[in-house]
Structures are given as C-alpha cells and as structure tokens.
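A closer look at the structure
As a plain string of letters, each chain reads:
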Amino acid sequence: MADQKRFETDAIRTQIPTTAEREHSTPLYMTSSYLFESTEQARALFASEMDGNVYSRYTNPNTSEFVDKMCKLEGAEAGVATSSGMAAVFSSLAALLNQGDHILASRSLFGSTHQVLSQILSKWGITFTYADLDDTGSWESLVQKNTRLLFLETPSNPGLDLIDLEWAGRFANAHDLILVVDNCFATPYLQRPIEFGADVVLHSATKFIDGQGRAIGGVIVGQESLIKQISFFTRHSGPALSPFNAWLLSKSLETLPVRMDRHCDNAEAVARALAENGRVRRVKYPFHEDHPQESLARKQMVRGGGIVGFEPEGGFEAARTFIDRIQMLSRSANLGDTRTIVTHPASTTHSKLSDEERQAVGITSGLIRIAVGLEHVEDILADIEQALA
Ligand SMILES: *Cc1c(COP(=O)(O)O)cnc(C)c1O
C-alpha cells in the first residue's frame, strides 16, 4: 500500500492495468477461466508459486480491482469479495471459528446475522452471547474460556446505537478475541474500524457501496493471516462475487465520497426538520444533539451517515399512518440507495421479534427508519412534512 493517496483519489485511481486496447475505464471480464501458456505455468499457478488468475471462483480481474480498492479505503492488508453481505458474514465466521467456539456479539444485529448466529452456526456447536450496547462494563463477565471472536455492528440497524470502537479494540486485544466489525452503515468514508483495532471489517456492498439499488455483493477486508483463512474457505465453498457485480461495485466506489457527503447533508437536514416538528416525539441521528452518544459519534465517525430514526407522536398507529401517507419516498426495506426509503421496522424487518426483544434492540413500535437518498432535499422534506401534517 506504499502508493496510497487520499481517499477520493484511491476510490478512482485504483485500477487494474489496461489491456492492449488502451481503454480508459476498466472493462468487464466475463470469463470463468484463464489460459495457461505451458504445463509448467499451470503447475506454478496451482501451486500458488506465482500470481495470476486460474478460475473466476478464485479470482477475476474485476473482483481483484474491487477488493484492492476496498483494502486501500479501509486501510487493510488483504481482502476477499463475496456474493452478498450475508456471504461475507457467514464466510468470516465459518472460516475463523471451530466447533465449540463462542462468539460475543453486540445486541442489535442485522436480522440475517442473528439467524446465522442462532440457527446456523449452532449446528456446529458454535455458541454466542449478546452483550448490551449501553452497558459495556458488563462485557467482561460475558467472556468465556472458549470465546474467540467479538462481532460488532456500529451504528446499529435500525436503532442507530453506537459502540466505542477504541474501547472495543482494547477489549478484544486484552481478551485475545478476533474483532470483526460490520461497517455497512458508515462505509470507510465515514468510519475506519481497523484504525481502532478491528482485525476484520465486512460489508454488505449492496447498500452504500453500490449506492444505486442495483446489485447484491459483499466484501471482507483485514489482517492478512485471517483473510488467508477466509479466502481458503470462499475459494472452496464457492460464494464468489460475479465479475459483473464486481465491475459495477468498483465503478460505484469512484463516487462513494461524493454520494456519502450528499447522503449526510440530506440526512442532517431531515434530522433537524423532524426535531423541530411538533408531531415528532423523538429523533435519532448520530450527529444530532438529541442522540445520547453524539460525542462518541463525533469521535469515531467523520459525519453522521445517511440513516435517520424517528418516532411520531402517537406510536404504532401514527407510524403506520405516516408510512401510508408518503407520496414520493419509497416504502421499502432496503437502505443506501439514491432513492429515499421509509421503513417501519416493527411491522416489517423486525416483526418476528417479541415486544421485549424489540425493546432490547432499541426498536419501539412507533420507530420509523428513513434511509435518506440523494433527491433534492426540499422535495424529501416536503414529502415528510405533508405525511406528518
Ligand atoms: C443488508 C445488510 C447485511 C446483509 O447484506 P446482503 O448484501 O443483503 O446479504 C448485513 N449487515 C447489515 C448491517 C446490512 O444492512
């Protein structure tokens, strides 16, 4: 990484070598396999004695460009791309853990990550304990003899609660735990967990990295020795990212800084307008004064991100009415799109949890999540205001 430049430059100028065509923009390599010049070259490639593509389940030029770029942006030694964010979560855990190991995880995780911990890894005797976000003092007592890994998501989805990454880095180090951070909400433009001691950082590239609601993908970056174990697992178990999606995602990263700044501008304006609206009970945005962890957010994030949570006066019924009255914004469950999306977690993404479970992860029945997009801010605000009126 000796040739590291500034974030915006690396996001654009990290590119694989041009072909004999002298193309300016990286072409798409739709090929499943690659030619060998001789039996000796084939032998050396298979023996990993030389670098080079063999088969696109292992590596592909488009995937390599996407991964190299993500490594630079996160400040990581190595990386591997996966077919989805969940493939990134599952591959990391399955590769790094053994039967009988234990995971300590922050409560309030992405829904499918919860299913992997509770329904899938348990098949192989891998257990987990949830730790409370606002009570890090209790985490010490939750570490067991077989605890190997600390899994965190900050800011959390959809509660927008934070974990102090500097503290978490020290905690993981003191207990010899592999620290894995799902950095999907912030992206490396706003938060770089490796600088705070994370060993592995993973993403659903489907969200802000694509940023335009088009492709499913994932990526894992981190310490070389750990990534080696993970890429052995993905090579042979098969959750490869398609070359087309890798090409798309690498292109998308070129505009990540510009898009994230606009997501943040618009989200700040939405948080301010909601806080001033008499029909709103509570607003939650990491860089807003009403967020109980605002100072922590300002310490470890560059800006507050693109997601705003709020609760209208009147709870569950008022939230449903708000969502049904929305005219332009999208009623959907995704986030990190150009289009602003409104979601009611209690009746959609988190409807399978009990009231108590929802409370524990910061989801009240009236909570609405707005994944603020890139439309003109006045049009976004107008739709929100009319739906609240
Ligand atoms: C969406 C999401 C995932 C899963 O990613 P997919 O690309 O949908 O598989 C994981 N973690 C977080 C925080 C997410 O928002």
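Residues numbered from 1 in each chain as written. Predicted model: local features only at pLDDT ≥ 70, side-chain atom pairs only at ≥ 80, totals over all residues. Heavy atoms only, no water.

Taken as a whole, the largest pocket spans an internal volume of roughly 1200 Å³. Here the lining of the largest pocket takes eight residues from helix H8 (residues 224-237), the largest share from any one element. Its residues assigned to classes, the lining of the largest pocket shows 18 nonpolar, eleven polar and eight charged. Here the second largest pocket is characterised by a volume of approximately 540 Å³. Mapped onto the lining of the second largest pocket, the elements with two or more residues apiece are helix H5 (111-120) and helix H13 (355-360). Here the lining of the second largest pocket gets four residues from one element, more than from any other, and that element is H5. Partitioned by chemical class, the residues of the lining of the second largest pocket number ten nonpolar, eleven polar and five charged. When residues of the lining of the second largest pocket are sorted by domain, at least three fall in each of domain 1 (7-253) and domain 2 (256-388). (1 Å grid on protein atoms, 1.4 Å probe; cavity = no way out; pocket = protein on both sides within 12 Å on 5 of 7 lines; lining within 4 Å. Points joined across faces, edges and corners; volume = space filled by probe spheres on them. Helix = DSSP H or I, 4+ residues; strand = E, 2+ residues; numbered from the N terminus. Nonpolar A, V, L, I, M, F, W, Y, C, P; charged D, E, K, R; others polar. Domains from an automatic or database assignment.)

A sheet is described by the order of its strands in space; here five strands give the open sequence S8-S9-S12-S11-S10, paired in mixed fashion. Edge positions in the sheet fall to strand S8 (280-284) and strand S10 (330-331), since each of these pairs with one other strand and no more. Two elements, S8 and strand S9 (residues 307-312), share four bridges in a ladder whose sense is antiparallel. Within S9, the position partnered with Val283 by the bridge is Phe310. (Pairing = 2+ DSSP bridges.)

Along the chain, the position of Thr127 falls in strand S3 (residues 127-131). Taking relative accessible area as the criterion, Thr127 reaches 39% and is therefore assigned partly exposed. Those residues in contact with Thr127 that sit more than four places away from it in its chain are Asp101, His102 and Ile103. (Buried < 20%, exposed > 50% of the residue type's maximum accessible area, 1.4 Å probe, protein only. Contact = heavy atoms within 4.5 Å.)

With respect to spatial proximity, the complete set of residues near the ligand consists of Ser84, Gly85, Met86, Phe110, Glu153, Asn157, Asp182, Cys184, Ser204, Thr206, Lys207 and Gly217. Between an oxygen atom of the ligand and a main-chain N or O atom of Gly85, the distance comes to 2.9 Å. Within the contact set of the ligand, an oxygen atom lies 2.7 Å away from a side-chain nitrogen or oxygen of Lys207. Expressed as a share of its isolated accessible area of 390 Å², the protein-covered part of the ligand is 92%. (Near = heavy atom within 4 Å. Polar contact = N/O pair within 3.5 Å; in protein donor to acceptor, adjacent residues only side chain to side chain. Areas by Shrake-Rupley, 256 points an atom, 1.4 Å probe, with all protein chains shown as cover.)

Now for the sheet that holds strand S7 (residues 218-222). Overall, mixed pairing links the seven strands, which are arranged S1-S7-S6-S5-S4-S2-S3 in an open sheet. If you trace the sheet from one side to the other, it starts and ends with strand S1 (78-82) and S3, each paired once. Direction aside, neighbouring strands of the sheet carry axes that sit 20° apart on average. Sheet contacts for helix H3 (residues 61-74): S1, strand S6 (200-204) and S7; angle to S1, the most-contacted strand, approximately 130°. (Axes fitted to C-alpha atoms, helices over the stretch in contact; angles between N-to-C directions.)

A cluster of nonpolar residues, Leu28, Met30 and Phe244, forms a patch on the protein surface that exposes about 290 Å² of accessible area. The residue Met30 is located in the loop between helix H1 (7-13) and helix H2 (39-46) in this model. (Patch = residues over 30% accessible without salt bridge, like charges linked within 9 Å, V, L, I, M, F, W, Y side chains within 5 Å. Salt bridge = Lys/Arg side-chain N within 4 Å of Asp/Glu carboxyl O.)

The subject of this paragraph is empty space enclosed by the protein. The tally for this structure, following the rule as stated, stands at one cavity of 30 Å³ or more. Here the largest cavity defines a volume of roughly 30 Å³. Lining the largest cavity, in full, are Pro155, Leu160, Phe185, Met301, Gly304, Gly305, Gly306 and Ile307. When its residues are assigned to classes, the lining of the largest cavity shows five nonpolar, three polar and no charged. In this structure, the lining of the largest cavity is formed jointly by two domains, domain 1 (7-253) and domain 2 (256-388), each of which donates at least three residues.

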